[in-house]
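# Structural description and commentary
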Amino acid sequence: MKKMRVAIIGQGRSGRDIHGAFFLSENNDICEVVAIVDELADRRERGMKEFGCEGYADYRELFDRKDIDLIVNASYSHMHYAIAKDCLEHGYNVLNEKPFAKTYYEAMDLINTAKKNGVTVTAFHQSLYAPPVLKLKEVLATGKIGDVLQISMNYSGFSRRWDWQTLQSFCAGGVYNTTPHAIGVGLDLIDWDPAAKVQYSYLGMTEFNSGDANDFAKILITAPGKPLIDIECNNNDGFKGEPFKIFGTKGTIATGPFANTVKVKYIIPEELEARPVVIGALRKPENGYPAYCSEKLNFHEEELAAEGDVFSTGSSMYYHMIYDSIMLGKPLDVTPEKATKVIEIIEAVHAQNPLPVKY
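Below you will find a few notes about this structure. (Residues numbered from 1 in each chain as written. Predicted model: local features only at pLDDT ≥ 70, side-chain atom pairs only at ≥ 80, totals over all residues. Heavy atoms only, no water.)

## Re the sheet that holds strand 5 (residues 94-96)
- What the six strands build is an open sheet, ordered 3-2-1-4-5-6; its pairing is parallel. Of all the strands in the sheet, just strand 3 (54-56) and strand 6 (121-123) have a single pairing partner and so form its edges. Sheet twist, expressed as the mean angle between neighbouring strand axes with direction ignored, is 25°.
- Where strand 5 meets strand 6, three bridges bridge the pair, whose relative direction is parallel. (Pairing = 2+ DSSP bridges. Helix = DSSP H or I, 4+ residues; strand = E, 2+ residues; numbered from the N terminus. Axes fitted to C-alpha atoms, helices over the stretch in contact; angles between N-to-C directions.)

Next up, the structure:
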């Protein structure tokens, strides 16, 4: 199998520790890193040694090379659009880290630029391939929990940040940095309905944040005839419980983005004693005293294994999808249009909740 030749722009946490970690792992049998880019000399030298490839201080030095099949753009978030557009205009396929862009306009401009130059662009939504996400979709397909009413996702924690991901000027904050995972999974579970919109949102600041970007977010997304998507992304959640919950008319699915199991609890209505509604006072049959609706329901509970994780398994499945598109001509599963829908939601949230810029 011919390997896809990759250049990575950025050797920070994402470029090295996520993308780079996959390329160096045993799960990678399809990609070869032929170049890395970082303006910091120590990161550049380390990357050249780790990958056994050429290194550059400026991404534009890549434009002299004709042996690159894909450029992974893991630069700072506020640089994603400009760098991606430049690479696309020079005839390179580009995979942007999240966020795909800052605005809907930028995202659509990247799509149009890619089409004009006959190349591919999309965003790294590897969470769509996370094992627990794939497993919960299998459970949903069985109909065990009935019709879905609400999709709840909590991408929160209890910790502080003081890096560039706390600065609005860097296109950062919880909504741009973390919720693309949740928004992408939520939209995927409602089949990427183009009518999906932000019904309500709130952004706030806590004492856990050193910058001026949000670290507290609540987002409600609706679409006609589809379940409510309820997203939380906070730095001050000390008791978050199960991060993902899918509520259906017959039960619940619970898991999380990094879980190795998917739990299901549901009823089978045909097994239950009929309970016609009682209008009036409920009484205990033995003495006529007031009674409460109380019974022992026959719940069915299952715990299903979700082997692998979002970084190894998810990244592997994502890159195999990219390989099949760029090297074999197959259609993308994670299209740039899907990535743009995520940005459309994020942009609406920020428009509804402008925060003062301090840095």
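Let's pick the thread back up.
## With respect to the pairing of strand 4 (residues 70-73)
- Every second residue of strand 4 is oriented toward a common face, with Leu 70 and Val 72 on one face and Ile 71 and Asn 73 on the other, all of them buried.
- Strand direction decides the pairing type here: strand 1 (residues 4-9) and strand 4, joined by four bridges, are parallel. The residue of strand 4 that forms the bridge with Val 6 is Leu 70.
- For the crossover from strand 4 across helix 3 (residues 80-89) to strand 5, the handedness is right-handed. (Buried < 20%, exposed > 50% of the residue type's maximum accessible area, 1.4 Å probe, protein only. Right-handed = clockwise from strand over helix to strand, strands pointing away.)

## Quick look at the side chain of Thr 206
- Along the chain, Thr 206 falls in the loop between strand 8 (197-204) and strand 9 (216-222).
- Relative accessible area serves as the criterion here: at 16%, Thr 206 is assigned to the buried category.
- A polar atom in the side chain of Thr 206 sits 3.0 Å from the backbone nitrogen of Phe 208.
- Of the polar contacts made by the side chain of Thr 206, one reaches the side chain of Asp 215; its length is 2.6 Å.
- Apart from the residues within four sequence positions on either side, Thr 206 is in contact with Asp 215, Phe 216 and Asn 236. (Polar contact = N/O pair within 3.5 Å; in protein donor to acceptor, adjacent residues only side chain to side chain. Contact = heavy atoms within 4.5 Å.)

## As for the nonpolar core
- Counting residues in hydrophobic clusters, the biggest one holds 93 residues, and the most contacted among them are Phe 23, Leu 62, Cys 87 and Tyr 319.
- Aside from chain neighbours lying at most four places away, what touches Phe 23 is Val 6, Ile 8, Asn 28, Cys 31, Val 33, Phe 51, Val 72 and Tyr 319. (Core = buried A, V, L, I, M, F, W, Y, C linked by side-chain atoms within 4.5 Å.)

## As for the sheet that holds strand 9
- The sheet built from eight strands is open, its strands ordered 8-9-10-7-11-12-13-14 with mixed pairing. Edge strands, defined here as strands with exactly one partner in the open sheet, are strand 8 and strand 14 (300-305). Averaged over all neighbouring strand pairs, the angle between strand axes comes to 10°, with direction disregarded.
- Those strands touched by helix 7 (residues 179-189) are strand 7 (148-154), strand 9, strand 10 (228-234) and strand 11 (244-248), and its axis lies near 170° from that of strand 10.

## Some thoughts on the pattern of salt bridges
- On inspection of all chains with the given rule, the structure shows 19 salt bridges.
- Glu 50 is the salt-bridge partner of Arg 16, the closest N and O atoms lying 2.7 Å from each other. In this pair, Arg 16 sits in helix 1 (residues 13-23) while Glu 50 sits in helix 2 (residues 41-51), placing the two residues 34 residues apart along the sequence.
- Judged by its relative accessible area of 29%, Glu 50 is partly exposed.
- A single salt-bridge network, built from bridges that share partners, covers Arg 16, Asp 17 and Glu 50. (Salt bridge = Lys/Arg side-chain N within 4 Å of Asp/Glu carboxyl O.)

## Notes on unusual backbone geometry
- Each neighbour pair has its own omega, and for Lys 98 with Pro 99 the value is 0°, a cis peptide bond.
- Within the secondary structure, Pro 99 sits in the loop between strand 5 and helix 4 (104-117).
- Even without being a glycine, Cys 171 presents a positive backbone phi close to 60°.
- Phi is positive for Asp 191, close to 60°, though the residue is something other than glycine.

## Here we look at the packing of helix 4 against helix 9 (residues 336-352)
- Running from amino to carboxyl end, helix 4 crosses helix 9 at an angle of 165°, the nearest separation of the two axes being 8 Å. As judged from the angle between their axes, helix 4 and helix 9 are roughly antiparallel. Relative to helix 9, helix 4 is oriented so that their crossing is left-handed. Of the residues in helix 9, those touching helix 4 at Tyr 104, Ala 107, Met 108, Ile 111 and Lys 115 are Pro 336, Glu 337, Thr 340, Ile 343, Glu 344 and Glu 347.
- Across the contact of helix 4 with helix 9, the residue classes tally to six nonpolar, one polar and four charged. (Parallel < 35°, antiparallel > 145°, perpendicular 65-115°, else oblique. Left-handed = near helix turned anticlockwise from the far one by under 90°. Nonpolar A, V, L, I, M, F, W, Y, C, P; charged D, E, K, R; others polar.)

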